[in-house]
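A closer look at the structure
So you can see what is in the structure, the chains are spelled out below.
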Amino acid sequence: MTADLRTTYMGMKLATPLVAAASPLTGTVDGLLALQDAGASAVVLQSLFEEQIKHHELQVDSILESFTDSFAEARSFFPSLDAYNTGPESYLHLVEQAKEVLEIPVIASLNGVTSGGWTRYARLIEEAGADALELNVYVVAANPRTTAAEIEARYVELIGDVAGTISIPLAVKVGPYFSAMANMAMRIAAAGARGLVLFNRFLYPDISLQRMKVMPTLHLSSSEEVLMPLRWIAILSGQLDISLAASSGIQSAHDVVKLLLAGADATMLASALLRRGPAQLKQITGGLAAWLDEHEYASVEQLKGSMSQAASPDPGAFERANYMRSLVDFTVASPDPRHFYARRDPIPWD
Amino acid sequence: MAEQLITVDGNEAAARLAHKLSEVMAIYPITPSTAMGELADAWSAAGAPNLWGDVPEVVEMQSEAGAAGALHGALMAGAMCSTFTASQGLLLMLPNMFKIAGELTPTVFHVAARTVATHALSIFGDHSDVMAVRAAGFAMLCSSSVQEAHDFAAIAHRATLESRIPFVHFFDGFRTSHEVNKIAPLSDDQLRAMIPDSLVTAHRARALSPDRPELRGSAQNPDVFFQAREACNSHYAAVPSVVRDAMRRFAELTGRRYDLFEYRGHPEAERVAVLMGSAAGAMQEAVDELVARGERVGMVTVRLFRPFDAEALAAALPASVRRIAVLDRTKEPGAPGDPLFEDVVVGLARRPAPPLVCGGRYGLASKEFTPAMAAAVFAELAREAPKREFTVGIDDDVTHLSLDVDESFTTEPPDVVRALFYGLGSDGTVGATRNTVKIIGEHTDLHAQGYFVLDSKKSGSMTVSHLRFGPRPIESSYLVQQASFVGCHQFGFLEKVDVLERAACGATFLLNSPHRADCVWEHLPVEVQRQVIDKKLRLFVIDASRVARDAGLPGRVNTVLQACFFSLANVLPQDQAIAAIKAAIQRTYAKRGPEVLERNFAAVDLALTELHEVDVPAAVTGDIHVRRPVPAEAPDFVQRVTAEMIAGRGDLLPVSALPAGGAFPVGTARWERRDIADELPRWDPSICIDCAKCTLVCPHAAIRMKVYSPDLLAGAPAGFQHKEWRSKEQPGMVMTIQVAPDDCNGCGTCADYCPAHSKQAAKHKSIDMAAKNGGLDADRASWEFFKSLPEFDRTQVKVGTIKGSQMLEPLFEFSGACAGCGETPYLKLLTQMFGDRILVANATGCSSIYGGNLPTTPWSANAEGRGPAWANSLFEDNAEFGLGMRLAVDNLAGAARRLLAELEPQVGADLVAAILNADQSSESGLATQRERVAALRSKLAGAATPQASRLRELADYLVRKSVWIVGGDGWAYDIGYGGLDHVLASGRNVKILVLDTEVYSNTGGQASKSTPRAAIAKFAAAGKRTAKKDLGLIASAYGNVYVAQIAMGADNAQAVKAFAEAEAHDGPSLIIAYSTCIAHGIEMKTGMSHMKEAVDSGYWPLYRFDPAREAAGEHPMALDSKDPSIPLRDFAAHEGRYTLLARSKPELAERLMTLAQEDVAERWRLYRQLAGVERHTPDESITKVAEAAPAAAAAEEELP
């Protein structure tokens, strides 16, 4: 018997839950083809960064303007080019090319900073033919005078603006740092998102001791990071009427199975593919099928959400944030603290 | 059909047609014609076809000589060709021009006529270049306006095809080439009607072709050359009628009528001026005004100067004419008259009772020619005995040729809006005002004219935009004299420049002011207040800098002030004006993206809400005054002459004030005190590590170090800083890092490069940039005290080290180079190390401009009066120029040595031997030799023999002098390469420093052979396809040439060492110095630290090829940099010249970058092998002995 691996994500029929997340691999046509060949059921293109576009525009403008008309002998210092591709053109071209060569759905990804930018680029991306759009929303709330409520309101407003602009399905990818994650998820859904991707991983500043400089860094994720999306997908699954996708740390078929059990509609991989190459997809897909067969699940659909909070025999376990003996319930086997340490779970006071 | 008028400058007007009517264009950049070539190249790059549907081939050559050669070949092979040039460029084309004309080959050279360098270089306009080539046999057609530059281009192209005589079509550099005016363009249909296919076919039929071979370019003997030369006569004789026919045809097509000579004025004029070029505009206003006043005057504008049609001139003149003044915009010293004058005199001589013809000169190097000056010419003609030779526009108090001018004579009509805008080079004022002209020209029925006066200083330069708008075509070919609107875009100008000098009574004055309307008055200099009150000006202020900042465009006040102008000037209804500005912004910035657009739009909207009128008080208040241009202690010449130029009053200096021959005092930049920095470096001695890197890398020599004895600190002003100098070699000393507050450009290079961080807060360094807050009195006092401290004894310093070199006085200070210039630190270092004994031959280019463009020069002298002896000859000849200096010095030194030997009995054998055998390889050796020479002089003091007096003259040559040949890559790699190669091959002891910016920096970023692959440059807009020429490798092939490739910011010590070794090498030395430039598109303050990436990527390997190393049993080539450690693209990512291409054509950029990376790898591989190669250069001391022998033998013979 071979289990049916199909799943549905934001209304899109996917052959398997294994989606290639936004990464350098999804930034080129060759990379996308390799991912499709290896069995990705959909691809999320590398993000279009509004900030980067803006920065490029201003850079080009400043290079061209800085010394123009300053001296009698030279009115300018650079040739006038037909166009400066500071904007989304090359990205839109990637979307078009991806649609042309791929058979699997193409999800574009947009990382914006302003309301105008979000809607402008979202519309362009839709026009370029993307099957869906994933918004990547994040602000470093560094200003002590800005409240969480203000930031959340901004999220909701932006998502609403974009959802109102396009007709392709909209997913929102967020970080885990909300005081009221579940409420936020609900509001994101209410604002018009049809999918929620949990979670975004961020660049962090690091200090280079060699150069005595601050350098932004992003390390590839590892399996233990699966646990955060696992919790939230399990909690949200069944509570929200939108698709849930897991992202962060998925390295193996076991990670995928767990997330599906928690209620994920799709699992998105990047680090594993960057580390071991697109072929890793094939292996994980095989592993997933084998696990299903071994455990006599007929389909992914059957598996999906069967261990979500709602379906779980121990719903409280998903809400336990601390290692607290006081909550140990004698009717349920208590989690072994050594197990926590062995898996190097992030412990809040560590 | 209604004509669609366009608003363009003269260069574009001419270039449009040249491009339309050419198949091959070989070009080379030279001011002020550069834009024509650039436009043609850009059009071809964009695929714009010529009239026959093909895209013209535009090729940049290595020089104008090369361009003319290529053009000659293309013409002979049957293509229709044209080129653009000016000044020296035209002169370099001369040999080919004789050939092209001699072979009766049709072509048009479009020339933005420019002064030929004589006692000085000038980039400005006059007819000395075109007059210098008038013997070549080209027909010469002169345009006097932007419209004519367009129209005559078409007429010239037709006439050349029809007559087979090549044409120089010229118009005045800057005045016409750079003036923006509203013109009627020719349509393709009109052009087709102008250029019949039959003419093109005829040209093709004459092509050199293997299908019907002919002999061309034969050599002829005395038997036939003369006759053959006369065979062209009928072709020349036909030219006037061919041109007249072309003009007639042109009039049929366009309604615009021209003639070979055009008369305007009183039908029975007695006094007539004859002239050509843009001055016709000023002249005709004067003629109209004088005729209106009842005077019988008139003018003839010459269109076709050569072949000179005397009959046509005579026909154009009214029969009533009694006296003629011929005005030449050139000077031919020693001639009986200037060229146009001579032609007119000869042309009229055959007339019975010819009129009295006087010749006048005007307008050299774009000197203004105004209606008042034109009126002065007529006034002179009215005198009983007018000057037969005169000048107008200057005060000649030496030969008294100049005419007095009644400055109150003006012709500016009241219905013309005249506006003046004072801006800073980098604030976009010129761009915005040019846009304003276009907006008004293209959105209204008004005619519009813009002319822009730009500074030659490359940092902190002032721009003045002169705009006119009116109901009739504007032909006023002179600066605005009475402005109805004055915009001052930089508040700081008020204390430096008389911005209201040309404000008319009742004019509007718009001031960009950091002070609000209710308090600005007290911040205005008294002189400004006085003019505002006396001239009843309406004063408006806006804090445009803040508005620009708020709109997200810091520093770019142009858009804000442009909106204010439209709001105040009432040229257009405000709504319409704002919509037009936004449309213009859309046109200019759309392709740079919506963010840029939106910020500019925001600046416009914000501007209108922040503009306020000032209630002008009835009386002046306060004690702020316009600053003196130079301090009172400046030397006499600086006070009398330099200061006037600095203050913008150079036009008023009489002939007697200026040295004939062009020699000026050095060290004058220090008196200018430009005070242009927004921020100054601040030194924190507590964390300083004495590395001296700040002073080493300073492009302006504005941050200095001195090491001195602590007891000299007595009397130091409060706030003067110092610290202990940590050095075993100079124990017990203190040191100070001091900024020259009025001379610093605020570029921030020192702070960026300072390696000394605070342990408490990493962002704080020993050098930080800090805003100039308020007065600089304390800084000025510290600087004055610092200057009073003695210079360190050169003999006690290790010159060839970083610290040692920086303990020495720079003799190159406060240049007007771009803030953050990558070239100037090398020159400064050169002067610190050897400045008291060098002659410098400097190729034309950036370095000759910041080095020698008046009013001031950074080249200076030390307290003993010694310093670099600097001169610029030309662009193409610099290596040869320097070699000549070497030959002279060697020969004179030889003569001195011979005389010294002869005079041994008087001088004494010991002293003679000591001088002749002196070791002058070190500072102390040089110092001792100078002492010996001083002793020699005192011994010779009383001697009256001819030998003794000759030796007195030449004694200084007994002290070693070195010759440094300096220039950019345009010179070294391209135009001057032949000479450079020859000089390297000469084996002579010359030092060559190439300041390699990898692009023609001075003319605006055109590609040179040094431009790297994958970078964009003009003429390589789609990225340079070929790899950079390896000049160092070529030079090292000689084996006896010292070659170093250096990048100061990447390895200071290697750079200093290379200078020391190059100087010490007894033979030719070549240093190729990586020089960051604004044309790289980098943040200039990071220029020095960015060089590290150039080296780390392997893009710029550091090496020294020292032939002397062979003697020590080593390999001559030493690689000084490590294996590439970062990819080329990481280096390129920080440079606009690469990233712009990646933005514009990503796939092409990617391909070129891959190749460029291969270039790097391959060059590194090759160098690494070369570093292991043994090389033996034959010992040249044998030849040196042989050369020296005759002189020694001669000396022996003459000894008693």
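Attention in this report is confined to the structure presented alongside it. (Residues numbered from 1 in each chain as written. Chains lettered and ligands numbered in written order. Predicted model: local features only at pLDDT ≥ 70, side-chain atom pairs only at ≥ 80, totals over all residues. Heavy atoms only, no water.)

We now examine the overall build of chain A. Broken down by element type, chain A carries 12 helices and 12 strands. Here the C-alpha radius of gyration of chain A, 22 Å, is about what a compact globule of 350 residues would show, namely 20 Å. In terms of principal-axis extent, the alpha carbons of chain A reach across some 90 × 50 × 45 Å. Put simply, chain A has 350 residues, and 51% of those count as buried. (Helix = DSSP H or I, 4+ residues; strand = E, 2+ residues; numbered from the N terminus. Rg over C-alpha atoms; globule rule 2.2 N^0.38 Å. Buried < 20%, exposed > 50% of the residue type's maximum accessible area, 1.4 Å probe, protein only.)

The next point concerns helix H1 (residues 10–20) of chain B. All names here are of chain B. Most of H1 is tucked away: 9 of the 11 residues are buried. Regarding H1, the residues found buried are Gly10, Asn11, Glu12, Ala13, Ala14, Ala15, Leu17, Ala18 and His19. For H1, the side-chain oxygen to backbone nitrogen distance between the N-cap and asparagine 11 is 3.3 Å, and the N-cap itself is aspartate 9. (Polar contact = N/O pair within 3.5 Å; in protein donor to acceptor, adjacent residues only side chain to side chain.)

This part covers the interface of chain B and chain A. Between chain B and chain A, the contact holds 52 residues from the first and 33 residues from the second. Both faces considered, chain B and chain A share a buried interface measuring about 3900 Å² in area, 56% of it formed by carbon and sulfur atoms. Of all residues in chain B, Lys591, Arg592 and Arg1143 of chain B bury the most surface against chain A, accounting for 20% of the area lost on that side. Along the contact surface separating chain B from chain A lie 7 salt bridges. Here arginine 592 of chain B ties to aspartate 61 of chain A by a salt bridge, and the two come within 2.8 Å at their closest N and O atoms. Of all the secondary-structure elements, those providing two or more residues to the side of chain B that touches chain A are helix H15 (429–443), helix H20 (594–610), helix H39 (1136–1144) and helix H40 (1146–1170) of chain B. (Contact = heavy atoms within 4.5 Å. Buried area = accessible area lost by both parts, 1.4 Å probe. Salt bridge = Lys/Arg side-chain N within 4 Å of Asp/Glu carboxyl O.)

What follows covers the sheet that holds strand S6 (residues 132–136) of chain A. For sheets, the rule is that strands pair by backbone hydrogen bonds, running either parallel or antiparallel. Residue and element names in this part refer to chain A. As summarised here, the arrangement of the 8 strands in space is S3-S4-S5-S6-S7-S8-S11-S12, forming a closed barrel in which the pairing is parallel. Here the average twist between neighbouring strands, direction ignored, is 25°. When strand S8 (residues 195–198) meets strand S11 (residues 243–247), the two strands line up parallel, connected through 4 bridges. The residue bridging glycine 195 from the neighbouring strand is serine 243, located in S11. Along the sheet, helix H2 (residues 50–65) makes contact with strand S4 (42–49) and strand S5 (106–111), crossing S4 at roughly 40°. (Pairing = 2+ DSSP bridges. Axes fitted to C-alpha atoms, helices over the stretch in contact; angles between N-to-C directions.)

Another aspect to go through is the sheet that holds strand S32 (residues 1042–1046) of chain B. Residue and element names in this part refer to chain B. Strand order in this open sheet of 8 strands is S29-S28-S30-S31-S33-S32-S34-S35, and the pairing throughout is mixed. Two strands lie at the open edges of the sheet, namely strand S29 (869–872) and strand S35 (1117–1119), each paired on one side alone. Mean inter-strand twist for the sheet, computed between neighbouring axes without regard to direction, equals 15°. Two elements, strand S34 (residues 1103–1105) and S35, share 3 bridges in a ladder whose sense is antiparallel.

Time to look at the packing of H15 of chain B against helix H19 (residues 574–589) of chain B. All names here are of chain B. Between H15 and H19, the shortest axis-to-axis distance is 10 Å and the interhelical angle comes to 115°. Seen from above, H15 lies across H19 with right-handed handedness. The segment H15 lies against H19, with Asn435, Ile439 and His443 engaging Gln576, Ala580, Ile581, Ala584, Arg587 and Thr588. Classifying every residue of the contact of H15 with H19 by side-chain character gives 4 nonpolar, 4 polar and 1 charged. (Left-handed = near helix turned anticlockwise from the far one by under 90°. Nonpolar A, V, L, I, M, F, W, Y, C, P; charged D, E, K, R; others polar.)

Ranked by internal contacts, the top residues of the largest apolar core, which has 147 residues, are Tyr826, Trp964, Trp971, Leu993, Phe1059 and Leu1070 of chain B. It is H40 of chain B that provides the largest number of residues to this core, a total of 7 residues. Setting aside residues up to four positions removed in sequence, leucine 1070 of chain B forms contacts with Leu984, Ile992, Val994, Leu1031, Ala1035, Val1041, Tyr1042, Val1043 and Ala1044 of chain B. Among the nonpolar cores identified, the runner-up in size contains 87 residues, and Leu18, Ala20, Ala191 and Leu303 of chain A belong to it. (Core = buried A, V, L, I, M, F, W, Y, C linked by side-chain atoms within 4.5 Å.)

What follows deals with the environment of glycine 852 of chain B. Residues and elements named next belong to chain B. Summarising the element assignment, glycine 852 is placed in helix H27 (residues 846–852). When the C-alpha positions of glycine 852 and asparagine 872 are compared, they lie 7.9 Å apart, and in sequence the two are 20 residues distant. Once residues lying within four places of it in the same chain are set aside, the contact partners of glycine 852 are Ser847 and Trp870.

A contiguous nonpolar patch, built from Tyr138, Val140, Tyr177, Tyr204 and Met228 of chain A and spanning about 550 Å² of accessible area, is present on the exposed surface. Within the secondary structure, methionine 228 of chain A sits in helix H7 (residues 227–236). (Patch = residues over 30% accessible without salt bridge, like charges linked within 9 Å, V, L, I, M, F, W, Y side chains within 5 Å. Areas by Shrake-Rupley, 256 points an atom, 1.4 Å probe, with all protein chains shown as cover.)

Once that is clear, we can look at helix H31 (residues 923–940) of chain B. Residues and elements named next belong to chain B. Taking 1.5 Å per residue as the helical rise, H31 with its 18 residues ought to reach 26 Å, and the 25 Å between its terminal C-alpha atoms agrees with that figure. Buried within H31 are the following residues: Glu923, Gly925, Leu926, Gln929, Arg930, Val933, Leu936 and Leu940. Looking down the long axis of H31, one finds its buried residues gathered within 155° of arc, a one-sided arrangement. For H31, exposure combined with an orientation more than 90 degrees from the buried face picks out Glu931 and Ser938. Of the surrounding secondary structure, the elements contacted by the buried residues of H31 are helix H26 (824–834), helix H28 (878–902), helix H29 (904–907), helix H30 (909–916) and helix H32 (946–954). (Expected span 1.5 Å × (residues − 1). Arc of directions from axis to C-beta.)

Before going further, it helps to spend a moment on the packing of H28 of chain B against helix H34 (residues 977–985) of chain B. Residues and elements named next belong to chain B. Put simply, H28 and H34 touch, their axes get as near as 7 Å, and they point 35° apart. Contacts between H28 and H34 pair Ala879, Glu880 and Leu883 from the former with Gly979, Leu980 and Val983 from the latter. Across the contact of H28 with H34, the residue classes break down as 4 nonpolar, 1 polar and 1 charged.

Further remarks concern the state of the cysteines. All names here are of chain B. Per the counting criterion, the structure on display carries 0 disulfides over all chains. Not part of a disulfide, cysteine 691 finds its nearest cysteine sulfur in cysteine 754, a span of 6.2 Å. Cysteine 691 gets classed as buried once you look at its relative accessible area, which sits at 18%. (Disulfide = S-S within 2.5 Å.)

Such coordinate-based values are descriptive only and should not be taken to indicate function.
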